[in-house]
Amino acid sequence: MTGSAALFTDRYELTMVDAALLDGTAHRESLFEAFARRLPDGRRYGVVAGTGRLLELIGRFRFEDADLEWLRTNEVVRPATLDWLADYRFRGDVWGYREGEAYFPGSPLLTIQASFAEAVMLETLVLSTLNFDSSVASAAARMVSVALGRPLAEMGSRRTNERSAVAAARAAYIAGFDATSNLEAGRAWGIPTMGTAAHAFTLLHDSEEEAFRAQVEAFGPKTTLLVDTYDIERGVETAVRVAGTELGAVRIDSGDLPTVVAAVRDQLDRLGAVGTKITVTSDLDEFTIAALSGAPVDSYGVGTSVVTGSGAPAAGMVFKLVARRDDEGEWVPVAKASTSKASVGGRKNAARRLDSTHTAREEIVYLGDGPDGDDEFAADDRLRPLMVQLMRDGEADASYTGPAGTRAAREHRASVMQELPIEAFRLGRGEPAVPTTYR
């Protein structure tokens, strides 16, 4: 393997470029769009995530010598196309919804304008990034909404591969999670990290008490002790005896959580540890978190469900050519007409209409308008423009990348959630919370 990500793509991206270079259409200026035809079942909104990662990946999309040699050996494309790939750099423009934005079916989430060859090369990269990250963020946002302000930690690294674990931690943080167990996500994206001990640490020692004493000696009484390795009631008693009533928290990872949590809270209070918090883990999802809304839980740790999109591991986004210039230099809208997979051709812009209470009521997609804006936005203060320029001439806007861009996306997501109607936060099946109309 090389350090390049250029071959993390589908073969037909390269073979399309190969044929287009041969017939002269490769350099036609084109407009591609990423959007979702529908939301996963049971979802009433989605959350855009992955944009900051994608911008950085596009900037580093290069074919190294080892990549080119493999393509040559396997005769994937013609030698002339290998020469073109050797010099590949994306030099086009990208517009899209800000990371952390809510989206609905038909929202033009990302628009790429460049030559056909430059833009089509990015299809798999765009979709693999946005589909996974947005799926995680959309699931995480649902968990945040039902947690009712209680902190959530992402701890699903062991349930996905090593690269997607970092992406998932970032997406969950954007969606409102407070921390991650993944250290690389902390290093790369500035996300707070957390974690103390697993059951293995308790089992290592000759007794639960010895394990607790070792942990308290290392981290102080404010640490979190895992109390369900053997017997929860005895574990809580031992934890308070070892750490004192200043014990920071106990963690519960098993059992009938509503019943167990209530009993643990009562026991802690009786032991004088009234300030000791309770955190629960144990295969949580948005439904179990909602079921615990009335229980004395102080924080949650979520693993499998969040990194797998809580049943929707991909957001269902597609990447389509929607316009191209003809031989006279005029833009020609193009669209796919397949049954149940039709697309809407042409350049687009988008805005969200808010009512007098600042609640979103309509997603408006403008057909034929340039991505840079529409005069109607300025004339109506209840229209919030949704699209921003993310890259110009192949250079990313740095405000959307890195740890600072991640924090900005998190803040934007929190602001957007205040706009959504109450129907958006229901966990049952229903229509998208905000309808999309085309103009």
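Our structure is the block above this text.
Described below are features of the structure shown in this document. (Residues numbered from 1 in each chain as written. Predicted model: local features only at pLDDT ≥ 70, side-chain atom pairs only at ≥ 80, totals over all residues. Heavy atoms only, no water.)

A look at the packing of aromatic side chains
Working definition: an aromatic ring pair is given by the centre-to-centre distance plus the angle between the planes. Test applied: Ring pairs shown here join Phe, Tyr and Trp side chains whose ring centres sit within 6.5 Å, with only the six-membered ring taken for Trp; geometry is labelled stacked below 30 degrees between planes, edge-to-face above 60, and tilted in between. To sit over a ring, a charge needs its Lys NZ or Arg CZ within 6 Å of the ring centre and within 35 degrees of the ring normal.
All chains considered together, the criterion is met by six aromatic pairs. The ring of Trp189 carries the charged tip of Arg170 above its face, separated from the ring centre by 4.5 Å. The ring of Tyr173 carries Arg410 above its face, with NZ or CZ at 4.3 Å from the centroid.

Re the sheet that holds strand 1 (residues 29-36)
Formally: Here, a strand pair is defined by DSSP locating no fewer than two bridges between the strands. Strands here mean DSSP runs of E at least two residues long; helices mean DSSP runs of H or I at least four residues long; both are numbered from the N terminus. What makes two residues a contact is simply this: any of their non-hydrogen atoms within 4.5 Å. Axes here mean lines fitted to C-alpha atoms, for a helix over just the part in contact, with angles spanning 0 to 180 degrees between N-to-C directions.
Spatially, 13-12-1-5-3-17-18 is the arrangement adopted by the seven strands of the open sheet, whose pairing is antiparallel. Of all strands in the sheet, those with a lone pairing partner are strand 13 (331-333) and strand 18 (395-396), marking the two edges. By the bridge criterion, two bridges tie strand 17 (residues 387-392) to strand 18 in an arrangement that is antiparallel. Following the sheet pairing, Met391 is matched in strand 18 by Ala396. Relative to strand 17, helix 2 (residues 51-59) is tilted by about 20°, and along the sheet it contacts strand 3 (93-97), strand 5 (110-115), strand 17 and strand 18. Packed on one face of the sheet, helix 6 (residues 123-147) meets strand 1, strand 5 and strand 12 (317-325) and runs near 140° to strand 12.

Quick notes on the sheet that holds strand 11 (residues 299-302)
Across the sheet, which stays open at both edges, the six strands sit in the order 7-6-11-10-9-8 with parallel pairing between neighbours. If you trace the sheet from one side to the other, it starts and ends with strand 7 (179-180) and strand 8 (224-226), each paired once. Taken together, the four bridges between strand 9 (residues 249-252) and strand 10 (residues 277-280) define a ladder with parallel strand orientation. Opposite Arg251, over in strand 10, you have Thr279 as the bridge partner. Relative to strand 10, helix 12 (residues 257-270) is tilted by about 160°, and along the sheet it contacts strand 9 and strand 10.

Points about the pattern of salt bridges
Rules: In the sections that follow, a salt bridge refers to a side-chain nitrogen of Lys or Arg positioned within 4 Å of a carboxyl oxygen of Asp or Glu. Three labels apply to residues, based on accessible area from a 1.4 Å probe with only protein chains included: buried if under 20% of the type maximum, exposed if over 50%, partly exposed otherwise in between.
Per the stated rule, a full pass over the model turns up 26 salt bridges. With its nearest N and O atoms 3.9 Å apart, the salt bridge here joins Arg60 to Glu56. A salt bridge links Glu209 to Arg213, with the shortest nitrogen-to-oxygen separation between them at 3.0 Å. With Glu209 and Arg213 both in helix 10 (residues 208-219) and four residues apart, the pair spans about one turn of that helix. A relative accessible area of 27% places Glu209 in the partly exposed class. The class for Arg213 is partly exposed, based on a relative accessible area of 41%. Among the charged side chains, a salt-bridge network with shared partners connects Glu101, Arg352, Glu363, Arg384 and Glu419.

Any functional reading would require information beyond the geometric quantities listed.
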